[in-house]
Structure formats: C-alpha cells, structure tokens
Amino acid sequence: MYAIVEIAGQQFKVSKDLKVYVHRLANKEGDAISFAKVLLLDDNGTITLGAPAVEGASVEAKVLQHLKGDKVIVFKKKRRKGYKKKNGHRQYLTQIQISGITVSGAKKAAAKKEAAPATEEAVEAPKKKVAKAKKEDTQE
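Remember, it's a predicted structure, so these values are computed and weren't measured experimentally.

**Here we look at the pattern of salt bridges**
Then step 1. By the definition in use, this model includes 2 salt bridges.
Then step 2. Its salt-bridge partner being Lys37, residue Glu6 comes within 3.8 Å of it at the nearest N-O pair. Placement of the pair is Glu6 in strand 1 (residues 2-7) and Lys37 in the loop between strand 4 (32-35) and strand 5 (38-43), with a sequence separation of 31 residues.
Then step 3. Here Asp17 ties to Lys16 by a salt bridge, and the two come within 3.9 Å at their closest N and O atoms.

Listed below in structure tokens is the structure:
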C-alpha cells in the first residue's frame, strides 16, 4: 500500500515505515503529525484518485530530526568581462518517518466513481436519438 501525498508544497510517494526528507516543518522532534492532502491511494492494486484530494484519507508521520542538506554552490561567470560570483546554499530539511496511511474515505470515493459512468451512458442515449432524427430530416 502506498500513497502520493503533498507535504510542504511537494509531492511524495510514501508507504509505511519510509523515511523522507521534506522542507523544514515547524513541529518539534518526536512529534506525531498528520497530512490530509492525499492525492492518490493504492491499496493492493485498487487505485483511488482524489479530486484534488481523497476525502477522509490521511498519512501519519513522526518527526525524527531537523537538519541541513548538502551544500549547493552557485557560480556565475561572464567570459572576458572579469565577472565572477560564487555563492552557496544549504537547505533546511526535516526527516520524517511514515507511521501509517489511513483510508477511511477511500471506499466512498470509489463508490462515487462507479456511479458516475452510469449517468454518462444515460446522457449519451438521447444524443444518439437526436442524431438519428437529424439524419432523417436531411434525407427528406
């Protein structure tokens, strides 16, 4: 079972007991947090898509530590001009461990999707009758 969840503006594919580095969160180390913006759920081959998020689904995680990422060096140069700029950056990160995925609303969303195709067929049937009537009018 896995889920695609939005955490701090980025999307991550997560599953139980997975450790993920995300942008710095305001929570303290050891806190349990929950993310409600689950975009997709896969439960043993049964895929549930959200519009935009799956209702009632959430991902629980635990904050392990706050740290800084690797240094990224930004070097700018213009040739034959004597222009050189060197700058560096280290991103603030939070390491979290996914403790579980809750799927309370996934069954309701799947039922809505199954009901939707039946209504589309009912809408298409009158369109066919109208098309046949137009063909008969043009033949006369």
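So that's the structure; there's more coming.
**Some words on the sheet that holds strand 8 (residues 83-103)**
Then step 1. As summarised here, the arrangement of the 4 strands in space is 3-8-7-4, forming an open sheet in which the pairing is antiparallel. Sheet topology places strand 3 (19-23) and strand 4 at the edges, where each strand pairs with a single neighbour. On average, each strand axis in the sheet is inclined to that of its neighbour by 50°, with strand direction left out of account.
Then step 2. Sheet analysis places strand 7 (residues 57-78) next to strand 8, joined by 19 bridges and oriented antiparallel. Within strand 8, the position partnered with Val59 by the bridge is Ile101.

**Observations concerning a positive patch on the surface**
Then step 1. A contiguous patch of positive charge on the surface is contributed by Arg24, Lys68, Lys71, Lys86 and Arg90.
Then step 2. When contributions to the positive patch are tallied by element, the ones reaching two or more residues are strand 7 and strand 8.
Then step 3. Among the structural elements, Lys86 can be located in strand 8.
Then step 4. By relative accessible area, Lys86 is classed as exposed at 64%.

**Remarks on the sheet that holds strand 5**
Two orientations exist for strands paired in a sheet by backbone hydrogen bonds: parallel and antiparallel.
Then step 1. The strand order across the open sheet built from 4 strands is 2-1-5-6, with neighbouring strands paired in antiparallel fashion. Of all the strands in the sheet, the pair left with one neighbour each is strand 2 (10-15) and strand 6 (46-49). The mean angle between the axes of side-by-side strands here comes to 20°, regardless of whether they run parallel or antiparallel.
Then step 2. Sheet topology places strand 1 next to strand 2; 6 bridges connect them, and they run antiparallel. Counterpart to Val5 in the pairing with strand 2 is Phe12.

**Some thoughts on the environment of Asp17**
Then step 1. With respect to the helices and strands, the residue Asp17 is situated in the loop between strand 2 and strand 3.
Then step 2. Separated by 81 residues in sequence, Asp17 and Ile98 have C-alpha atoms that sit 5.1 Å apart.
Then step 3. Once you skip the residues sitting within four places of it in the chain, Asp17 turns out to touch Gln97 and Ile98.

**Observations regarding the side chain of Asp42**
Then step 1. Checked against the element boundaries, Asp42 lands in strand 5.
Then step 2. Within the structure, the side chain of Asp42 is placed 3.0 Å from the backbone nitrogen of Gly45, a separation counted as a polar contact.

**Here we look at the nonpolar core**
Nonpolar side chains in soluble globular proteins tend to be buried together.
Then step 1. In this structure, Val14, Phe35, Val59 and Ile96 are the most contacted members of the largest nonpolar core, which totals 20 residues.
Then step 2. The set of elements that each furnish at least two residues to this core consists of strand 1, strand 2, strand 3, strand 4, strand 5, strand 7 and strand 8.
Then step 3. Here this core takes 4 residues from strand 7, the largest share from any one element.
Then step 4. Ignoring any residue separated from it by four or fewer positions in sequence, one finds Phe35 in contact with Val5, Ile7, Leu25, Ser58, Val59, Ala61 and Ile96.

Parameters and conventions
Residues numbered from 1 in each chain as written. Predicted model: local features only at pLDDT ≥ 70, side-chain atom pairs only at ≥ 80, totals over all residues. Heavy atoms only, no water. Salt bridge = Lys/Arg side-chain N within 4 Å of Asp/Glu carboxyl O. Helix = DSSP H or I, 4+ residues; strand = E, 2+ residues; numbered from the N terminus. Pairing = 2+ DSSP bridges. Axes fitted to C-alpha atoms, helices over the stretch in contact; angles between N-to-C directions. Patch = residues over 30% accessible without salt bridge, like charges linked within 9 Å, V, L, I, M, F, W, Y side chains within 5 Å. Areas by Shrake-Rupley, 256 points an atom, 1.4 Å probe, with all protein chains shown as cover. Lys, Arg positive; Asp, Glu negative; His and termini not counted. Charge placed at Lys NZ, Arg CZ, Asp CG, Glu CD. Buried < 20%, exposed > 50% of the residue type's maximum accessible area, 1.4 Å probe, protein only. Contact = heavy atoms within 4.5 Å. Polar contact = N/O pair within 3.5 Å; in protein donor to acceptor, adjacent residues only side chain to side chain. Core = buried A, V, L, I, M, F, W, Y, C linked by side-chain atoms within 4.5 Å.

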